[in-house]
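Observations on chain architecture
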Amino acid sequence: MEFRKVAIGTAVIGAVVLGGIGVASAGAQAEPCTPDRVCIYKDNNYIGRFGVREPLKPTYNVSSRYDNLMSSWKNLTNVDARWYHNRDGGGRCVTMLAGHSDNDINTRDDNELSSWNTQGRC
(Lines give C-alpha, C1' and ligand atoms only; values in the text may rest on other atoms or scores of the structure.)
Protein backbone atom coordinates (compact mmCIF):
# COMPACT_ATOMS: atom_id res chain seq x y z
CA MET A 1 0.00 0.00 0.00
CA GLU A 2 2.80 2.42 0.89
CA PHE A 3 4.61 1.69 -2.41
CA ARG A 4 1.43 2.51 -4.39
CA LYS A 5 1.16 5.96 -2.73
CA VAL A 6 4.80 6.73 -3.52
CA ALA A 7 4.38 5.60 -7.14
CA ILE A 8 1.25 7.72 -7.64
CA GLY A 9 2.89 10.74 -5.99
CA THR A 10 5.96 10.36 -8.21
CA ALA A 11 3.78 10.04 -11.31
CA VAL A 12 1.84 13.21 -10.41
CA ILE A 13 5.03 15.18 -9.75
CA GLY A 14 6.53 13.88 -13.01
CA ALA A 15 3.43 14.91 -14.95
CA VAL A 16 3.50 18.39 -13.41
CA VAL A 17 7.19 18.83 -14.19
CA LEU A 18 6.84 17.52 -17.74
CA GLY A 19 3.69 19.57 -18.24
CA GLY A 20 5.53 22.70 -17.12
CA ILE A 21 8.34 21.98 -19.53
CA GLY A 22 5.83 21.41 -22.32
CA VAL A 23 4.15 24.71 -21.68
CA ALA A 24 7.44 26.58 -21.62
CA SER A 25 8.66 25.02 -24.85
CA ALA A 26 5.32 25.56 -26.57
CA GLY A 27 5.70 29.31 -26.07
CA ALA A 28 6.18 31.79 -28.85
CA GLN A 29 7.92 30.11 -31.76
CA ALA A 30 8.67 31.42 -35.22
CA GLU A 31 5.99 30.53 -37.74
CA PRO A 32 7.25 29.25 -41.08
CA CYS A 33 6.73 31.02 -44.35
CA THR A 34 6.32 28.64 -47.27
CA PRO A 35 8.53 28.95 -50.36
CA ASP A 36 7.42 31.44 -53.01
CA ARG A 37 5.46 33.53 -50.50
CA VAL A 38 5.85 36.84 -48.68
CA CYS A 39 4.86 36.71 -45.01
CA ILE A 40 4.34 39.48 -42.49
CA TYR A 41 4.36 39.02 -38.72
CA LYS A 42 2.96 40.91 -35.76
CA ASP A 43 6.02 40.38 -33.56
CA ASN A 44 9.79 40.21 -33.92
CA ASN A 45 11.43 36.93 -34.89
CA TYR A 46 8.59 35.88 -37.21
CA ILE A 47 5.96 35.34 -34.53
CA GLY A 48 2.25 36.02 -35.05
CA ARG A 49 2.00 35.65 -38.82
CA PHE A 50 -1.02 37.56 -40.10
CA GLY A 51 -0.33 37.88 -43.81
CA VAL A 52 0.81 35.48 -46.55
CA ARG A 53 0.80 36.43 -50.23
CA GLU A 54 2.23 35.10 -53.44
CA PRO A 55 4.26 37.31 -55.79
CA LEU A 56 2.74 39.83 -58.21
CA LYS A 57 -0.34 40.71 -56.14
CA PRO A 58 -1.66 44.30 -56.03
CA THR A 59 -1.88 46.58 -53.00
CA TYR A 60 -3.94 45.16 -50.17
CA ASN A 61 -4.99 46.87 -46.93
CA VAL A 62 -4.58 44.79 -43.78
CA SER A 63 -7.61 44.41 -41.52
CA SER A 64 -8.10 46.94 -38.74
CA ARG A 65 -7.13 44.20 -36.28
CA TYR A 66 -3.55 44.18 -37.69
CA ASP A 67 -3.22 47.79 -38.83
CA ASN A 68 0.08 49.23 -37.57
CA LEU A 69 1.21 45.98 -35.92
CA MET A 70 3.91 44.49 -38.19
CA SER A 71 7.39 43.93 -36.72
CA SER A 72 9.03 41.31 -38.96
CA TRP A 73 8.75 39.92 -42.49
CA LYS A 74 10.06 37.27 -44.88
CA ASN A 75 10.14 37.44 -48.68
CA LEU A 76 10.80 33.93 -49.99
CA THR A 77 10.02 34.88 -53.60
CA ASN A 78 12.21 36.04 -56.47
CA VAL A 79 10.23 39.31 -56.72
CA ASP A 80 10.72 42.37 -54.53
CA ALA A 81 7.68 43.37 -52.47
CA ARG A 82 6.79 46.52 -50.56
CA TRP A 83 4.64 47.82 -47.77
CA TYR A 84 3.25 51.21 -46.84
CA HIS A 85 2.67 53.16 -43.65
CA ASN A 86 -0.82 54.18 -44.84
CA ARG A 87 -3.79 52.42 -46.37
CA ASP A 88 -4.20 52.09 -50.15
CA GLY A 89 -0.45 52.31 -50.78
CA GLY A 90 -0.03 55.75 -49.24
CA GLY A 91 2.66 57.25 -47.07
CA ARG A 92 6.18 55.96 -46.61
CA CYS A 93 7.03 52.93 -48.76
CA VAL A 94 9.44 50.22 -47.54
CA THR A 95 10.92 47.56 -49.84
CA MET A 96 11.08 43.87 -48.90
CA LEU A 97 13.88 42.55 -51.13
CA ALA A 98 13.38 39.21 -52.87
CA GLY A 99 14.97 36.34 -50.98
CA HIS A 100 15.48 38.42 -47.83
CA SER A 101 13.88 38.80 -44.41
CA ASP A 102 13.95 41.11 -41.41
CA ASN A 103 13.31 39.66 -37.96
CA ASP A 104 13.22 43.04 -36.19
CA ILE A 105 12.45 46.04 -38.38
CA ASN A 106 13.91 49.44 -37.55
CA THR A 107 12.27 51.75 -35.03
CA ARG A 108 11.08 54.21 -37.69
CA ASP A 109 9.03 51.52 -39.46
CA ASP A 110 8.09 49.21 -36.58
CA ASN A 111 4.33 48.82 -36.18
CA GLU A 112 3.54 51.09 -39.12
CA LEU A 113 2.28 48.74 -41.89
CA SER A 114 -1.23 49.46 -43.15
CA SER A 115 -1.03 48.08 -46.72
CA TRP A 116 1.30 45.94 -48.82
CA ASN A 117 2.00 44.81 -52.34
CA THR A 118 4.04 41.97 -53.86
CA GLN A 119 4.60 43.51 -57.31
CA GLY A 120 8.05 45.03 -56.89
CA ARG A 121 10.08 47.51 -54.88
CA CYS A 122 9.23 51.09 -53.92
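Residues numbered from 1 in each chain as written. Predicted model: local features only at pLDDT ≥ 70, side-chain atom pairs only at ≥ 80, totals over all residues. Heavy atoms only, no water.

Here the focus is the pairing of strand E2 (residues 47–53). Across five bridges, strand E1 (residues 38–43) lies against E2 in antiparallel orientation. Residue pairing in the sheet places Asp-43 in a bridge with Ile-47 of E2. Counting the residues that bridge the hairpin from E1 to E2 gives three residues, and of these Asn-45 lies at a positive phi of roughly 60°. (Pairing = 2+ DSSP bridges. Helix = DSSP H or I, 4+ residues; strand = E, 2+ residues; numbered from the N terminus.)

With that settled, consider the sheet that holds E2. Sheet strands pair by backbone hydrogen bonding; their relative direction is either parallel or antiparallel. The strand order E2-E1-E4-E7 describes an open sheet built from four strands, whose pairing is antiparallel. Where the open sheet ends on each side, the last strands, each with one partner, are E2 and strand E7 (101–102).

Below, the discussion takes up the sheet that holds strand E6 (residues 93–96). The sheet built from four strands is open, its strands ordered E3-E8-E5-E6 with antiparallel pairing. The open sheet terminates on both sides in strands that have one partner only, identified here as strand E3 (60–61) and E6. Pairing geometry for strand E5 (residues 81–84) and strand E8 (residues 115–117), over three bridges, is antiparallel. Bridge pairing in E8 places Arg-82 opposite Asn-117.

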